[in-house]
2 protein chains.
Amino acid sequence: MSAELSTALLVERHRGTLDTALDAVRTRAYWSPHPENPKAYADAEAGKSAFEALLGHRFPLDQPGTDEWTGGERSPYGIELGVDYPHPDPDVLLPAMRAAMPTWRDAGPEVRALVCLEILSRINARTHEFAHAVMHTSGQAFTMAFQAGGPHAQDRGLEAVTYAYAEQVRAPETAQWTKPQGKRDPISLRKSFTAVPRGIGLVIGCNTFPTWNGYPGLFASLATGNAVLVKPHPRAVLPLALTVSVAREVLAEAGFAPDLVSLAVDRPGEGLAKTLALRPEVRVIDYTGSTGFGDWLEANARQAQVFTEKAGVNTVVIDSTDNYRGMLSNLAFSLSLYSGQMCTTPQNLLIPRDGIDTDAGPKSYDEVVADLAAAVDGLLGDDTRANALLGALVNPEVKARLDAAPGIGEVALASRSVTHPDFPQAVVRTPVLVKLDGAKPDAEATFMSECFGPVSFAVAVDSTADAVELLRRTIREKGAMTVGGYTTSAEVERQLEEACWEECAQLSLNLTGGIYVNQTAAFSDFHGSGGNPAANAALCDAAFVASRFRIVEVRRPV
Amino acid sequence: MSAELSTALLVERHRGTLDTALDAVRTRAYWSPHPENPKAYADAEAGKSAFEALLGHRFPLDQPGTDEWTGGERSPYGIELGVDYPHPDPDVLLPAMRAAMPTWRDAGPEVRALVCLEILSRINARTHEFAHAVMHTSGQAFTMAFQAGGPHAQDRGLEAVTYAYAEQVRAPETAQWTKPQGKRDPISLRKSFTAVPRGIGLVIGCNTFPTWNGYPGLFASLATGNAVLVKPHPRAVLPLALTVSVAREVLAEAGFAPDLVSLAVDRPGEGLAKTLALRPEVRVIDYTGSTGFGDWLEANARQAQVFTEKAGVNTVVIDSTDNYRGMLSNLAFSLSLYSGQMCTTPQNLLIPRDGIDTDAGPKSYDEVVADLAAAVDGLLGDDTRANALLGALVNPEVKARLDAAPGIGEVALASRSVTHPDFPQAVVRTPVLVKLDGAKPDAEATFMSECFGPVSFAVAVDSTADAVELLRRTIREKGAMTVGGYTTSAEVERQLEEACWEECAQLSLNLTGGIYVNQTAAFSDFHGSGGNPAANAALCDAAFVASRFRIVEVRRPV
């Protein structure tokens, strides 16, 4: 290991953070080493300049097997990024990555964890630069790009490192095993236990949360000794290219081959992810995206452990509330944030057609829907605030679904266009809320499919019991990343809990303040359950890390 | 929970054992609560009588959805068992099993673990009865059936319960999460974390080790809250039927529905395992057996977590030794035990064609092979001892492979028939050792395929380096449950370690005493690595249990 970044230095810098993180995932109390307030970071102007300096150039990444340069990202805010990235020849790049692995394996779980923490810490120091990169690939508003793409993503990366470390040190490095033999001498063996990697981990990134959804798999695979090849979404390369670049810099300084973390960017229409996913060297895959490709990976990339987050249909059951205004404003925020382009945004609001009881008196189905529409209007009435919450639509498909929504049913809340003062080309739209009758089969065909983007359905149901039954069926058949519920009844709470326990989905009850059903906090909240069709893994638990490495035992007589 | 087996009583009886087991898997020092000496058990005669009383009758198992009775086991020792078992109507049995799950889930990880320990403890008390059942289905000699089918299998079951418990309690039951908000009031959420089962676990048993290979999956799934349906191999039903019967008895006494553990026995030729494996209720599958069916399960039972132990080719690299006699006698025992019908028996002994250095002087390839043959002859020269070690051939396919072996190459050690004094119909045969030239492609085609049973190959290789290369290729392409090595060279040791770390296989070096490459000890040794084609899981680690359950979180404002 080079003197530049010695083990002693890594231990001094990061061992304390690792220990605190180990404690945090045990207690699941609030904790984060990464401040979420942009003002806590000194690099605002420098970060913006650094981002701007990247535009229109080749992204500097010196990795083997680059056979051409490719790019073409265009910001949802209208800027051409004009950055070109290395396109790999897998027959050169993958062997180079494999060759780097034995030294990384020999470094052991602690050094690997500390190197990962150094990578995260350098990413954290450049959060402003990353925030602009996330904003101009995902379309998130700046504050969200900063928080979700910065500290919250870094938290999820650190959480994965924490689980990976904990899992690898559960077996001791060595053991002496002495078995009594009655009156004869006991038999003694000396045993060593080594965490060994599976191979190359492939991270297939998504358009909307390139870092937040990319970091858990990247850091879980790297911390367990694997090399990691990052294949970003073609429209969201830059944040992950920056990540790869920081990782390579730290690895080299710590005396490891930088090729342990490499980037693979497609030529337009190439479908490189499919080619890479079937390579025998690739033994772990992390994917966030469409159900179609996720299912394809699970069925075909049989040589690999495949972790997928796919489509789902998120439901909120509205039975009753003792804080009607709080419920409305909380839901309005959840529907509006990033224009509903989160895998955790509620899609179906199930409301009894006979209305609900509230602290403001009984409210009919129509009143609830109208009041929610008004709450969204109120939240987004001011264009500055609307721009700060909504961001831009990430791609034309989302806009097409939004434009088609009025044809689906009665519009309770129409979408309006918002002009962005700095980026007039950005497509910024408020969400649409459509009324549907849950008893009608054609309506059900609509709301039982994911309609990704700012489209939600106010579904009239016969009763809360029917809502719970529909919730169960939705989770079981379509999957769900989140479930919300509002009720003042202990019995209904219990029914919602039972439904989520049996169908395996994460439940938020009676959120009325500053926590939203679509947000989860690392070290405490699990993101997804891994037990319904929306995702086969949760962020983060032992199952997410334990099969990324294996323990090889060597035993010999003492 | 009924008074009969209260939580307090379970805690009193088993919490201490669970705690010691938790400690044992951490230190991996020697430990077992189950004595392996038959004399430590009081029930020798009663156990034999109990076994005999089962023969020729319907096996008493009162479970729903039994549409007929089926059986037909014949002991490899020649006895017709004549036991009939319930054949299930899955449309009745599976819903009954599912209905039993919520109560079992609500009991929580500790009660589930303690109930599992009570089941294991009652099985342990009936070890003699189980030993006869294992002997007369697997063909193992009595002592091995007693030890491997009794205490060692119970150890592996307890180990799985231990990992399952540890994994489920890593998240706390509840947490209070309080996030500071600068000058405003902090936000507080109360969170609960519940381990929920995936569904029904299907255990598909094997012929040779019905309990040893069946218990890890059975107890891992049960302890994580799943119901478990046990589908034994048609020739080895009785040991698992007894297991199911004990589990149902304990579950009922503890106040749970006995249907949580149920038995499914095929009609002859029915292929019930395929039908059950594709049922949507089945969400976990544990399988030990042929690569063909294991691959089919992995490809088709996509709704389930599939754990498979399949075929492999185990290698011993013989480079040099400082204890030639010890090496020969150790290998002779490994080749002979249970007539090589273990998934861990060495198949290919790689020996440099120019011979090896030993404490008894240099030995040519021919001398090593001849001396090993003589060691086997010496070990098995006495028929009583031979019968005690070999057991009976488990099925006609094994015998056919043995009979075909002399046609493969030069026979260094011929198989002979041994008469069993108590069971003259038993087919008892000593192992055959065939010489092959590793440089010849037709020989390679032979030794690179699993030849399950008492057939081993003494493969002449050009050098130890070639042996290590062939070892790597064998593990990578064919899989291996075990690897052995004999060398006095630190450099060769390192090469063997590196090969096993990179290709992911468990290595035993220089075994010359009373520990054999084909035996592993629960709580200390991993059985299989889960990282090569022989098995996709190891017994036992977190990866074996962590995905059998999921954590569902419910969060609400404080």
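In this report, we go over the structure that sits alongside the text. (Residues numbered from 1 in each chain as written. Chains lettered and ligands numbered in written order. Predicted model: local features only at pLDDT ≥ 70, side-chain atom pairs only at ≥ 80, totals over all residues. Heavy atoms only, no water.)

The helix and strand tally for chain A stands at 19 helices and 21 strands. Against the compact-globule benchmark of 24 Å for 558 residues, chain A has a radius of gyration of 25 Å, which places it among compact chains. Expressed along its principal axes, the backbone C-alpha trace of chain A runs to roughly 80 × 70 × 45 Å. Counting the 558 residues in chain A, one finds 64% classified as buried. Put simply, chain A shows about 18400 Å² of open surface, and 51% of that area lies on carbon and sulfur atoms. Positive and negative side-chain charges of chain A, numbering 49 and 67 respectively, have mean locations separated by a distance of 8 Å. (Helix = DSSP H or I, 4+ residues; strand = E, 2+ residues; numbered from the N terminus. Rg over C-alpha atoms; globule rule 2.2 N^0.38 Å. Buried < 20%, exposed > 50% of the residue type's maximum accessible area, 1.4 Å probe, protein only. Areas by Shrake-Rupley, 256 points an atom, 1.4 Å probe, with all protein chains shown as cover. Lys, Arg positive; Asp, Glu negative; His and termini not counted. Charge placed at Lys NZ, Arg CZ, Asp CG, Glu CD.)

Turning to the relation of the copies chain A and chain B, a few remarks are in order. Superposing chain A onto chain B takes a rotation of 180° combined with a translation of 0.0 Å along the rotation axis, leaving an RMSD of 0.0 Å. In the structure described here, the two chain copies are related by an operation that fits a two-fold rotation axis. For chain A, the minimum C-alpha distance to the rotation axis belongs to Ala-543 of chain A and amounts to 3.1 Å. (Least-squares fit on C-alpha atoms with pLDDT ≥ 70 in both.)

Turning our eyes to something else, we now look at the sheet that holds strand E14 (residues 410-413) of chain B. The sheet built from 10 strands is open, its strands ordered E3(A)-E4(A)-E21(A)-E20(B)-E19(B)-E10(B)-E12(B)-E18(B)-E17(B)-E14(B) with mixed pairing. At either end of the open sheet lies a strand with only one pairing partner, and these are strand E3 (174-181) of chain A together with E14 of chain B. Going from strand to strand, the sheet's axes swing by 25° on average, the running direction of each strand aside. The pairing of E3 of chain A with strand E4 (residues 184-197) of chain A spans 7 bridges and is classified as antiparallel. Bridge assignment links Lys-179 of chain A to a residue of E4 of chain A, and that residue is Ile-187 of chain A. In this fold helix H13 (residues 365-380) of chain B packs onto strand E12 (348-352), E14, strand E17 (432-437) and strand E18 (455-461) of chain B, with an angle of close to 170° to the strand it touches most, E17 of chain B. (Pairing = 2+ DSSP bridges. Axes fitted to C-alpha atoms, helices over the stretch in contact; angles between N-to-C directions. Contact = heavy atoms within 4.5 Å.)

This brings us to the pairing of strand E5 (residues 200-204) of chain A. All names here are of chain A. Summarising burial for E5: 5 of the 5 residues are buried, a large majority. Pairing geometry for E5 and strand E6 (residues 227-231), over 5 bridges, is parallel. By the bridge assignment, Ile-200 is partnered in E6 with Ala-227. Tracing the backbone out of E5, into helix H8 (residues 215-223) and back to the parallel element E6 gives a crossover that is right-handed. (Right-handed = clockwise from strand over helix to strand, strands pointing away.)

Moving on to the pairing of strand E2 (residues 84-88) of chain B. Residue and element names in this part refer to chain B. Counted residue by residue, E2 has 4 buried out of 5 residues, so it is predominantly covered. Inspection of the sheet shows strand E1 (residues 66-71) paired to E2 by 5 bridges, in the antiparallel sense. Directly across from Thr-70, in E2, lies its bridge partner Tyr-85.

What follows is about the packing of aromatic side chains. All names here are of chain B. With the rule as written, the count across this model stands at 28 aromatic pairs over all chains. Ring geometry for Tyr-287 and Phe-293: centres 5.4 Å apart, planes at 75°, overall edge-to-face. Plain terms: the ring middles of Phe-333 and Tyr-516 are 3.9 Å apart, the flat faces sit at 20° to each other, and that makes the pair stacked. Highlighted residues: Phe-333 in helix H12 (residues 324-336) and Tyr-516 in the loop between strand E20 (507-509) and helix H19 (542-546), separated in sequence by 183 residues. With relative accessibility at 14%, the residue Tyr-516 sits in the buried group. (Phe/Tyr/Trp six-rings, centres within 6.5 Å; stacked < 30°, edge-to-face > 60°.)

Now for the pattern of salt bridges. According to the stated counting rule, one finds 90 salt bridges over all chains in the structure shown. A salt bridge links Glu-36 of chain A to Lys-179 of chain B; the nearest nitrogen and oxygen atoms lie 2.8 Å apart. Of this pair, Glu-36 of chain A sits in the loop between helix H1 (7-27) and helix H2 (44-54) while Lys-179 of chain B sits in strand E3 (residues 174-181), placing the two residues on different chains. The class for Glu-36 of chain A is partly exposed, based on a relative accessible area of 25%. On the basis of relative accessibility, which here comes to 15%, the residue Lys-179 of chain B falls in the buried class. One salt bridge in this structure joins Asp-106 of chain B and Arg-105 of chain B, with 3.0 Å as the shortest N-O distance. (Salt bridge = Lys/Arg side-chain N within 4 Å of Asp/Glu carboxyl O.)

Okay, the interface of chain A and chain B next. Facing 77 residues of chain A, the contacting portion of chain B comprises 77 residues. The tally of links from chain A across to chain B stands at 20 salt bridges. In this structure, the connection of chain A to chain B is made through 42 residue pairs in polar contact (both at pLDDT 80 or more). Ranked by the residues each element gives to the side of chain A that touches chain B, the list is headed by strand E21 (residues 549-557) of chain A, at 8 residues. For the side of chain A that touches chain B, a count of residues per class yields 37 nonpolar, 15 polar and 25 charged. Where strand E20 (residues 507-509) of chain A meets strand E21 (residues 549-557) of chain B, 2 bridges bridge the pair, whose relative direction is parallel. Each bridged residue has a counterpart across the sheet, and for Ser-508 of chain A the counterpart in E21 of chain B is Arg-555 of chain B. (Polar contact = N/O pair within 3.5 Å; in protein donor to acceptor, adjacent residues only side chain to side chain. Nonpolar A, V, L, I, M, F, W, Y, C, P; charged D, E, K, R; others polar.)

All names here are of chain A. Interhelical geometry of H2 versus helix H5 (residues 127-138) gives an angle of 50° and a closest axis separation of 7 Å. Relative to H5, the element H2 is oriented oblique. The crossing of H2 and H5 is right-handed. Only His-128, Glu-129, His-132, Ala-133 and His-136 of H5 make contact with H2, whose side of the interface consists of Ala-44, Gly-47, Lys-48, Ala-50, Phe-51 and Leu-54. Looking at the contact of H2 with H5, its residues break down into 5 nonpolar, 4 polar and 2 charged. (Parallel < 35°, antiparallel > 145°, perpendicular 65-115°, else oblique. Left-handed = near helix turned anticlockwise from the far one by under 90°.)

All names here are of chain A. Take Arg-548: it is sitting in the loop between helix H19 (542-545) and E21. For Arg-548, a relative accessible area of 0% translates into the label buried. A polar atom in the side chain of Arg-548 sits 2.9 Å from the side chain of Ser-221. Contacts of Arg-548, omitting those with residues within four sequence positions, involve Pro-197, Arg-198, Gly-217, Ala-220, Ser-221, Thr-224, Asn-226, Val-284, Asp-286 and Phe-307.

A word on helix H11 (residues 291-300) of chain A. All names here are of chain A. Those residues of H11 that sit buried are Phe-293, Gly-294 and Leu-297. Buried residues of H11 fall within an arc of 105° about the axis and therefore sit on the same side. Those residues of H11 that are buried are in contact with E5, helix H10 (272-277), strand E8 (282-288) and strand E9 (305-309). (Arc of directions from axis to C-beta.)

Our next topic: the environment of Phe-549 of chain A. Residues and elements named next belong to chain A. Mapped onto the elements of the fold, Phe-549 is located in strand E21. The sequence separation of Phe-549 and Thr-419 amounts to 130 residues, and the corresponding C-alpha distance is 49 Å. Excluding its chain neighbours within four sequence positions, the residues that come into contact with Phe-549 are Glu-167, Gln-168, Ala-195, Val-196, Arg-198 and Thr-224.

Time to look at the sheet that holds E3 of chain B. Reading across the sheet, the 10 strands line up as E14(A)-E17(A)-E18(A)-E12(A)-E10(A)-E19(A)-E20(A)-E21(B)-E4(B)-E3(B) and stay open at both edges, with mixed pairing between neighbours. In the strand order of this sheet, the two ends are held by strand E14 (410-413) of chain A together with E3 of chain B, each with one partner. The average undirected angle you get between the axes of adjacent strands in this sheet is 25°. In the sheet, strand E10 (residues 315-318) of chain A pairs with strand E19 (residues 483-486) of chain A via 4 bridges, with the strands oriented parallel. Residue pairing for E19 of chain A: Val-316 of chain A is matched across the bridge by Gly-484 of chain A. Its contacts with the sheet place helix H18 (residues 490-503) of chain A against E10, E19 and E20 of chain A together with strand E4 (184-197) and E21 of chain B, and it is angled at close to 155° to E21 of chain B.

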